[in-house]
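# Secondary and tertiary structure notes
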Amino acid sequence: MDLQRNGKDYDKIAGELLLRLIEGDSLTSRELQDTAWCLWQTRTPLADVPVALRSALGGIESCGRKPPGRALASSFLYSFAPERPGMPEASATLCRIAERLGKPWAELQTEFALLDWKKGPPSVAGRALDLRKSPTEILAKAGLRAQDSLSGYVQACGGELLLRLANTKAISTVERLSLVEAIALNGKRKLIFEPHGPLVANALLLAFGDREPDDDLKQQYLDLLLALFDDPRLRPGNWTRMEEAAGIAKRWLTKQTLRQFLDIVDQVALERMFLYRRKFWEAVYQLGLIHAAWVVFDTAASRLAFHTFGKELRYGRFDGSVQSGQCVLILRVGRGVVAEWSHMGKCIIWNDAEAADAPQLYEGLYRPHRLRSNASDSIHHSVFAVTHWPLDGPSSWQTKVANKLHQMNGIRIPSSSYKVSG
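Residues numbered from 1 in each chain as written. Predicted model: local features only at pLDDT ≥ 70, side-chain atom pairs only at ≥ 80, totals over all residues. Heavy atoms only, no water.

## A few points about the overall build of the protein
- Of the regular secondary structure elements, the protein holds 16 helices and seven strands.
- Here the C-alpha radius of gyration of the protein, 30 Å, is well above what a compact globule of 422 residues would show, namely 22 Å.
- In the protein, which comprises 422 residues, the proportion classed as buried is 51%.
- Element-wise, carbon and sulfur atoms account for 50% of the exposed surface of the protein, whose accessible area totals about 19500 Å².
- Charge-centre separation for the protein: the mean point of 54 positive side chains lies 3 Å from the mean point of 47 negative side chains. (Helix = DSSP H or I, 4+ residues; strand = E, 2+ residues; numbered from the N terminus. Rg over C-alpha atoms; globule rule 2.2 N^0.38 Å. Buried < 20%, exposed > 50% of the residue type's maximum accessible area, 1.4 Å probe, protein only. Areas by Shrake-Rupley, 256 points an atom, 1.4 Å probe, with all protein chains shown as cover. Lys, Arg positive; Asp, Glu negative; His and termini not counted. Charge placed at Lys NZ, Arg CZ, Asp CG, Glu CD.)

This is the structure we're talking about:
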């Protein structure tokens, strides 16, 4: 609240009113209006002093004029926070006098129990969910002023609605994204209320569980989430208040990274070679074996990735010379880690992702030699390496890699899931 509203210094007024309220002085209608605006937002909130609170609410309730009660209702909405002193008492007073306050207060109380500090926000949130509108839109249509759109009450209603969205599957993917944006974001696509951050992530992601939206909509979700909270793989601290949502975002990013690697390599390498690799790694992903993914691009591939996927793409770069267009896909598969080189490079698998020589995911720069190994294609070695040849048959590279992954994780990859027909 602007404490200089209408040219008044409410900090000063609160100090002057406090002693009079404690002494039980009778206040004029104008003074009672000022009292309502001094209950929570001033340097010395009158609601923090029980005797002053009782005196103020009693004076407003017994006053025969509407303005003090309306001022109390507006102050209550603006400062609304259930944990604040005086909220339950002010709510009880407002519920008793709501009918005599006139429009829009009487109608809002009848329709939503608006002035009931427990029932109001859930009631507004329920209507907003039914109509697929934000609480601000619901309340504005019912007659509240635009200035109330940033009130504590709207924050509470929005929080309640975001909680419901996190547990509601009966809403389309498009509607969910649109509604979350309407509830929580301003014109610059920043959070209106910072405490809504975890609720926004949960509202967008938790209802999906193991499901996923189609790639275009998933990209829109990720674009928004990464803009608000950054990448959970790179900035896990930003996601500590929404760890379940972070897990879903990481899973989506893993699939996105796999697709981005394969899409870029499709453009810079031999088509026939990567047709087989795409089929194989997508089959491994579908089995749930890939827990994390990160891609490393050289300069030429990174330029192509930027033009293809935009500036929000996250990836590593080579710190050293490689063939033009060269890329590496680093995968966490079970307890091991895989480095899948593009072009004529090898597929290399380390049994233990924590081994000193195993590459780590999510780094910014990689020395090329740290992503290579001269190990054999024996699945019994702690580091396994195989060239991408032959493409078919019982001795194909896919069969060898599938056998290695089975040996490491105990999950067999059916050859039918990665067989390329035609």
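## Remarks on the packing of aromatic side chains
- Using the criterion set out here, one finds twelve aromatic pairs in the structure.
- When the ring of Phe-76 is compared with that of Phe-80, the centres are 5.4 Å apart and the planes differ by 75°; the resulting orientation is edge-to-face. Judged on exposure class, the residue Phe-76 and its partner Phe-80 are both buried.
- Where Phe-80 meets Tyr-153, the ring centres are 5.0 Å apart and the plane angle is 65°; that geometry is what we call edge-to-face. On the criterion of sequence distance, the pair formed by Phe-80 in the loop between α4 (66–78) and α5 (87–97) and Tyr-153 in helix α9 (residues 152–166) is long-range, its members being 73 residues apart. Accessibility assignment for this pair places Phe-80 and Tyr-153 in one class, buried.
- We note Arg-176 situated over the ring of Phe-208; from NZ or CZ to the ring centre the distance is 5.9 Å. (Phe/Tyr/Trp six-rings, centres within 6.5 Å; stacked < 30°, edge-to-face > 60°. Lys NZ or Arg CZ within 6 Å of the ring centre and 35° of its normal.)

## Considering the pattern of salt bridges
- On inspection of all chains with the given rule, the structure shows 23 salt bridges.
- With its nearest N and O atoms 2.6 Å apart, the salt bridge here joins Lys-218 to Glu-212.
- The class of Lys-218 is buried, set by a relative accessible area of 4%. (Salt bridge = Lys/Arg side-chain N within 4 Å of Asp/Glu carboxyl O.)

## A few points about the nonpolar core
- Counting residues in each nonpolar core, the largest one holds 81 residues, and the members touching the most others are Phe-76 and Leu-114.
- A per-element tally of this core places helix α12 (residues 215–229) first, with seven residues.
- The residues contacting Phe-76, other than those within four sequence positions of it, are Trp-40, Met-87, Ala-90, Ser-91, Leu-94, Leu-114, Leu-115, Trp-117 and Tyr-153.
- Counting residues in hydrophobic clusters, the runner-up holds 39 residues, among them Ala-305, Tyr-315, Leu-331 and Trp-397. (Core = buried A, V, L, I, M, F, W, Y, C linked by side-chain atoms within 4.5 Å. Contact = heavy atoms within 4.5 Å.)

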